[in-house]
Amino acid sequence: RTVYLNGDYLPEEDAKISIFDRSFLMADGVYEVTSVLGGKLIDFAGHSKRLERSLNELEMQKPEVFDDLLDIHRELVRLNDIDEGMIYLQVSRGSAGDRDFAYPNSDVKPTLVLFTQSKPNLADNPAAKIGIKVISIEDQRWGRRDIKTVQLLYPSMGKMMAKDAGCDDAWMVEDGHVTEGTSNNAYIVKGDTIITRHLGTEILNGITRAAVLRFAREAQMKVEERSFTIQEAKDADEAFITSASTFVMPVVTIDGAPIGIGTPGPVAARLREIYLDESR
Ligand code: PDD
């Protein structure tokens with residue numbers, strides 16, 4: 001695989017960064033994941049805008065090549081011959097050559113890394129026909145989940161708790177209300193209404209979420225952006241998640257309780273179809 005590191009396209013085994021890099025020592029970095037379908041980037045503009053916001057919120061320098069990121073993404077798709085898959089991008093505050101809690105001076109340049117992940121069945125994911133099983137766990141992440149940082153230890157732990165329970169993912173719950181999945185936004189459907197948590201510092205402003213809500217409204221479906229309890233989710237007619245890596249994915253059980261009749265629901269199926277049609 002050819003990857004990108006600070007201006008160079010390199011074989012992955014030659015791409016090396018400092019042990020003092022602040023992403024490594026302090027999780028002082030932000031990231032984006034953009035999907036590729038038919039060799040085409042999905043919603044690059046949305047990801048680029050959110051990256052800029054994450055950098056601003058953390059007072060992190062923009063990489064000098066920020067305005068060339070689209071070209072860099074496209075070049076990696078070409079070099080790695082990606083038809084379906086993802087591009088991962090990470091910016092870290094860089095390395096000042098030692099460990100220090102204070103941010104380094106502005107002459108320390110950010111580290112920029114991109115790599116591709118080929119996923120031949122991203123659109124035809126068989127899981128979309130079966131649906132996924134989730135467990136609920138307490139949300140123990142920090143309070144700025146609107147910033148897409150690389151502090152992913154708790155979401156990783158959540159994924160492992162789900163696996164240990166024979167499930168696929170975890171929905172995180174704060175004060176009885178669902179925030180989001182480990183790496184996706186959470187939705188329920190009650191009657192003809194799609195319900196998903198309102199934006200704020202408690203969740204990530206999903207790029208897929210924005211597109212799906214726009215398509216739902218265009219299709220005259222009812223949307224409520226508000227928080228919902230885990231109990232409301234268990235009593236819902238349908239549940240699903242969205243993200244750049246899953247698009248729209250039905251959820252069929254929560255903590256072992258079937259949602260609706262325990263099979264993927266029509267609203268999730270329709271939204272997945274619309275999303276894939278509109279994005280390709
Ligand atoms: N995760 N919420 C969280 C906590 C996420 O990590 C993500 C994305 C989302 C969905 O955002 P988007 O629709 O922009 O992908 C919501 C990526 C895919 C990841 O960590 O791999």
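Computed from a predicted model, the values in this text were never measured in an experiment.

Conventions we followed
- Residues numbered from 1 in each chain as written.
- Predicted model: local features only at pLDDT ≥ 70, side-chain atom pairs only at ≥ 80, totals over all residues.
- Helix = DSSP H or I, 4+ residues; strand = E, 2+ residues; numbered from the N terminus.
- Rg over C-alpha atoms; globule rule 2.2 N^0.38 Å.
- Buried ≥ 20, exposed ≤ 12 C-beta atoms within 10 Å, placed from the backbone.
- Contact = placed C-beta atoms within 7 Å.
- Pairing = 2+ DSSP bridges.
- Right-handed = clockwise from strand over helix to strand, strands pointing away.
- Near = placed C-beta within 6 Å.
- Nonpolar A, V, L, I, M, F, W, Y, C, P; charged D, E, K, R; others polar.
- Domains from an automatic or database assignment.
- Core = buried A, V, L, I, M, F, W, Y, C linked by C-beta atoms within 7 Å.

Quick look at the overall build of the protein chain
- A count of helices and strands for the protein chain gives eight helices and 15 strands.
- The C-alpha radius of gyration computed for the protein chain amounts to 19 Å, which stays within 12% of the reference 19 Å derived for 280 residues, consistent with globular compactness.
- Projected onto the principal axes, the alpha-carbon positions of the protein chain cover approximately 55 × 40 × 35 Å.
- For the protein chain, buried positions account for 37% of its 280 residues.
- Put simply, 71% of the contacts in the protein chain that link residues at least 6 apart link residues at least 24 apart.

Considerations on the pairing of strand S7 (residues 132–138)
- Pairing geometry for S7 and strand S14 (residues 247–254), over three bridges, is parallel. Across the sheet, residue Ile132 finds its bridge partner in S14, namely Val251.
- Note: S7 against strand S8 (residues 169–174), five bridges, orientation parallel. Residue pairing across strands places Glu138 opposite Val173, the latter belonging to S8.
- Read as a crossover between parallel neighbours, the route from S7 over helix H5 (residues 153–164) to S8 is right-handed.

Here's the deal with the site of the ligand
- Every one of the 14 residues lining the ligand counts as a neighbour, but Leu204, Gly206, Ile207, Thr208 and Ala244 are closest to it.
- The set of elements that each furnish at least two residues to the shell around the ligand consists of helix H6 (207–218) and strand S13 (238–243).
- Looking at the shell around the ligand, the element that brings in the most residues is H6, giving three residues.
- In terms of residue class, the shell around the ligand is made up of four nonpolar, eight polar and two charged.

Here we look at the domain arrangement of the protein chain
- According to the domain assignment, the protein chain contains domain 1 (2–118) and domain 2 (127–279).
- Placing the centre of domain 1 and that of domain 2 at their C-alpha centroids yields a distance of 26 Å.
- Taken residue by residue, the interface counts 20 residues in domain 1 and 12 residues in domain 2.
- For the side of domain 1 that touches domain 2, the secondary-structure elements that each account for two or more residues are strand S3 (29–37), helix H2 (44–57) and strand S5 (85–92).
- Here the element with the most residues in the side of domain 1 that touches domain 2 is S3; it accounts for eight residues.
- Residue composition of the side of domain 1 that touches domain 2, by class: eight nonpolar, eight polar and four charged.

Topic: the nonpolar core
- By size, the foremost hydrophobic cluster in this structure holds 38 residues, and its most contacted members are Val134, Tyr187, Ile188, Ala239, Phe240, Val248 and Val251.
- Among the elements of the structure, S7, S8, strand S10 (185–190), strand S11 (193–196), H6, S13, S14 and helix H8 (266–279) are those that each provide at least two residues to this core.
- Counting residues per element, this core draws most heavily on S14, at six residues.
- Residues within four places of Tyr187 in sequence aside, it is in contact with Ile194, Ile195, Thr196, Ala239, Phe240 and Ile241.

A closer look at the pairing of S8
- Relative to strand S9 (residues 177–181), S8 runs antiparallel, the two being bridged by three bridges. The partner of Trp171 across the bridge, within S9, is Gly181.

Considerations on the environment of Ile241
- Looking at the element boundaries, Ile241 is found in strand S13.
- For the pair Ile241 and Thr196, spaced 45 residues apart in sequence, the C-alpha to C-alpha distance is 9.6 Å.
- Not counting residues within four places of it along the chain, the set of residues in contact with Ile241 comprises Gly181, Asn184, Asn185, Ala186, Tyr187, Thr246, Met249 and Val251.

Re unusual backbone geometry
- At Gln220, a residue that is not glycine, the phi angle is positive and equals roughly 65°.
- Structurally, Gln220 can be placed in the loop between H6 and strand S12 (222–225).
- For Gln220, a count of 7 C-beta atoms within 10 Å gives the class exposed.
- Even without being a glycine, Phe247 presents a positive backbone phi close to 60°.
- By secondary structure assignment, the location of Phe247 is in strand S14.

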